[in-house]
Amino acid sequence: MEAALIALGLSLKVALWATLVDLVLGVGFGYLLARGRFPGRDVLDALLTLPMVMPPTVLGYYLLVLVGRNGPIGHWLQEHFGINLIFTWQGAVIAAAVVAFPLVLKAARSAFEAVDLQLEQAARVLGVPPLGVFLRVSLPLAWRGVLAGTLLAFARSMGEFGATLMVAGSIPGKTQTLSIAVYEAVQAGQDDTANLLVIITSLTCIVVLVAANRLVPNRAQGAA
Amino acid sequence: MTISVKIRKSLRAGPRSFELDAQFESASKRVVIYGASGAGKSQMLKAIAGLSKPDSGLIELDGQTLFDSSAGIDVPARKRRVGYLFQDYALFPHLNVRQNIAFGLQRGLWNPSAKADSEALRYWLQAFELDAVAHQTPDQLSGGQRQRVALARALIAEPSALLLDEPFAALDPSLRVRMRAELDALQRRLDIPMLLITHDPDDASTFGGEVLTMTDGAVAGEGA
């Protein structure tokens, strides 16, 4: 039981951090793709959406190549900061963040595109600088859509398996998240543990979904 | 007001291309630019406000150069100090009447509070009989109230000129007559220069001042 709770705690920690990273980057890139006019916009959109269609193991492999000890980013981090991400919970955060990122990006992009351009223009004419227009008009009006995508990303991060296993491995108490613990338990024939983990996972998912529904009231109610 | 506009802009909407070539000068405090929809009036008004950038040309308002392609001058919209009344008012749907009107008084990164209060705000709420609806959001207002909120929002910052994009098109006929009279009185009282674009000949004849006609992207001539 204790091991299961540790795995749950780790899953929540990894998912929360991954969601936070995705929220910041997703809002930034979502707004850029919705409003920016620059060459290569479609290519950027495709690249950022790639994690949605690629197998998580392939993404995990890419991450290993990039942030592994011999990868360009990994080597640089090791050299300058003494940081190693492979087989750490921070590595699991990166894996989960990459896999779940398109969910926030897509939601944010369409939410920003749905904001009436005239409202942003009205704010500009009223003397508000670009960052003010974003914070005072665009973001509050797109917030609901962004939030919906963020909650999906959280749920997706909670369930992340393939990329996380490749990057962070399966170290009990350190990088072994719930979904990986379930796999290990089944592989080892520990049915009791597997049952417990599966029940905990299911309950957690239900709690997250109920919370999500409360946070994002449906549009018919919210429109009044 | 002396306004001097001499701009060119190529516009493309799908297969259709359009050449805006507007050239006019006026010293009147009331200028009406009359033309059928699609004649390029809105584009020209947006260019004066700094919301769309002409390919080339010159825009001067009260001796100040707002745009001059040959000198590389392009004053950003937020620094042009013009009021702009959008055709459907572009009120901020997430803010109440108070916040909408006070929007331009606060130029920073945050919106005015829902209980915003200042002498100027009190003046405009009273002048436009909006006290009773000050806490309501735009979707709870009547057409006439919406227009008054939009006018107050534009005028509270004391712009050097007011640009009006089809200000009466969204109103039903009886209200249209009343709002024309209101705007007429307002212009007399504030003595603020107004530039109004419309496709309705009645607007041109009742609002008076100097009437210019715009056809196919060009300001053709005087009189109407």
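All values derive from a computational prediction rather than experimental measurement. (Residues numbered from 1 in each chain as written. Chains lettered and ligands numbered in written order. Predicted model: local features only at pLDDT ≥ 70, side-chain atom pairs only at ≥ 80, totals over all residues.)

Enquirer: For the overall build of chain B, give the residues involved together with the corresponding values.
Expert: Looking only at helices and strands, chain B has six helices and eleven strands in total. The globule rule puts the C-alpha radius of gyration for 224 residues at 17 Å, and the 18 Å found for chain B is close to it. Considering only C-alpha atoms, chain B reaches an extent of 45 × 40 × 35 Å along its principal axes. Expressed as a percentage of the 224 residues in chain B, the buried residues total 42%. (Helix = DSSP H or I, 4+ residues; strand = E, 2+ residues; numbered from the N terminus. Rg over C-alpha atoms; globule rule 2.2 N^0.38 Å. Buried ≥ 20, exposed ≤ 12 C-beta atoms within 10 Å, placed from the backbone.)

Enquirer: Go over unusual backbone geometry, please, and point to the residues and values.
Expert: Residues and elements named next belong to chain B. Notably, Tyr-89 is not glycine yet its phi reads approximately 75 degrees, a positive angle. The topology assignment puts Tyr-89 in the loop between strand E7 (82–85) and helix H2 (97–102). On the basis of neighbour count, Tyr-89 is assigned to the buried category, with 23 C-beta atoms found within 10 Å. The phi torsion at Glu-129 lies on the positive side, around 50 degrees, for a residue other than glycine. Along the polypeptide, Glu-129 turns up in the loop between helix H3 (119–127) and helix H4 (143–155). Residue classification places Glu-129 among the exposed positions, given that 11 C-beta atoms sit within 10 Å.

Enquirer: If you had to explain the packing of helix H5 (residues 89–113) of chain A against helix H7 (residues 130–158) of chain A to someone new, which residues and values would you point to?
Expert: Residues and elements named next belong to chain A. Between H5 and H7, whose axes approach to 8 Å, the crossing angle comes to 155 degrees. Relative to H7, H5 is oriented roughly antiparallel. The handedness of the crossing between H5 and H7 is right-handed. Judged by residue contacts, Ala-96, Val-99, Ala-100, Leu-103, Val-104, Lys-106, Ala-107, Ala-108, Ser-110, Ala-111 and Phe-112 of H5 engage Ser-138, Ala-142, Gly-145, Val-146, Ala-148, Gly-149, Thr-150, Leu-152, Ala-153, Arg-156 and Ser-157 from H7. Split by residue class, the contact of H5 with H7 holds 14 nonpolar, six polar and two charged. (Axes fitted to C-alpha atoms, helices over the stretch in contact; angles between N-to-C directions. Parallel < 35°, antiparallel > 145°, perpendicular 65-115°, else oblique. Left-handed = near helix turned anticlockwise from the far one by under 90°. Contact = placed C-beta atoms within 7 Å. Nonpolar A, V, L, I, M, F, W, Y, C, P; charged D, E, K, R; others polar.)

Enquirer: Can you explain the sheet that holds strand E6 (residues 73–74) of chain B? Please cite residues and give values.
Expert: Residues and elements named next belong to chain B. Reading across the sheet, the five strands line up as E2-E1-E4-E5-E6 and stay open at both edges, with antiparallel pairing between neighbours. Single-partner strands in this sheet number two, and they are strand E2 (16–26) and E6. Note that strand E5 (residues 64–68) and E6 share two bridges and pair antiparallel. Each bridged residue has a counterpart across the sheet, and for Phe-67 the counterpart in E6 is Asp-74. Running over the sheet, helix H1 (residues 41–49) touches strand E1 (3–13), E2 and strand E4 (56–61) and is turned about 120 degrees from E1. (Pairing = 2+ DSSP bridges.)

Enquirer: Requested: an account of the nonpolar core, with residues and values cited.
Expert: Ranked by size, the top nonpolar core spans 116 residues in total, and within it A:Ala95, A:Ala96, A:Ala108 and B:Leu163 carry the most contacts. With 17 residues, H5(A) is the single largest residue contributor to this core. Each of domain 1 (1–81 + 162–224) and domain 2 (93–159) of chain B gives at least three residues to this core. In this structure B:Leu163 touches B:Leu45, B:Ile48, B:Ala49, B:Val82, B:Gly83, B:Tyr84, B:Leu85 and B:Leu195, once residues within four positions along its chain are discounted. (Core = buried A, V, L, I, M, F, W, Y, C linked by C-beta atoms within 7 Å. Domains from an automatic or database assignment.)

Enquirer: Quick one: what's the story with H3(B), residue by residue and with numbers?
Expert: Residue and element names in this part refer to chain B. All buried positions along H3 are accounted for by Leu-121, Trp-124 and Leu-125. For H3, the angular spread of buried residues about the axis comes to 100 degrees, placing them on one side. Opposite the packed face of H3, turned more than 90 degrees from it, sit the exposed residues Glu-119, Arg-122, Tyr-123 and Gln-126. Of the residues trailing H3, Glu-129 is marked for its positive phi of about 50 degrees. (Arc of directions from axis to C-beta.)

Enquirer: Account for the interface of chain B and chain A, with residues named and values stated.
Expert: Between chain B and chain A, the residue contacts involve 18 residues of the former and 17 residues of the latter. Per-class residue counts for the side of chain B that touches chain A are twelve nonpolar, four polar and two charged.

Enquirer: Which residues make up the pairing of strand E8 (residues 161–165) of chain B, and what values go with them?
Expert: Residue and element names in this part refer to chain B. Of all five residues that make up E8, five are buried, and the element is covered over most of its length. Going residue by residue along E8, you find Ala-161, Leu-163 and Asp-165 tucked away on one face and Leu-162 and Leu-164 tucked away on the opposite face as well. Inspection of the sheet shows E7 paired to E8 by four bridges, in the parallel sense. Within the sheet, the bridge partner assigned to Leu-85 lies in E8 and is Leu-164. Here E8 pairs with strand E9 (residues 194–198) via four bridges, running parallel.

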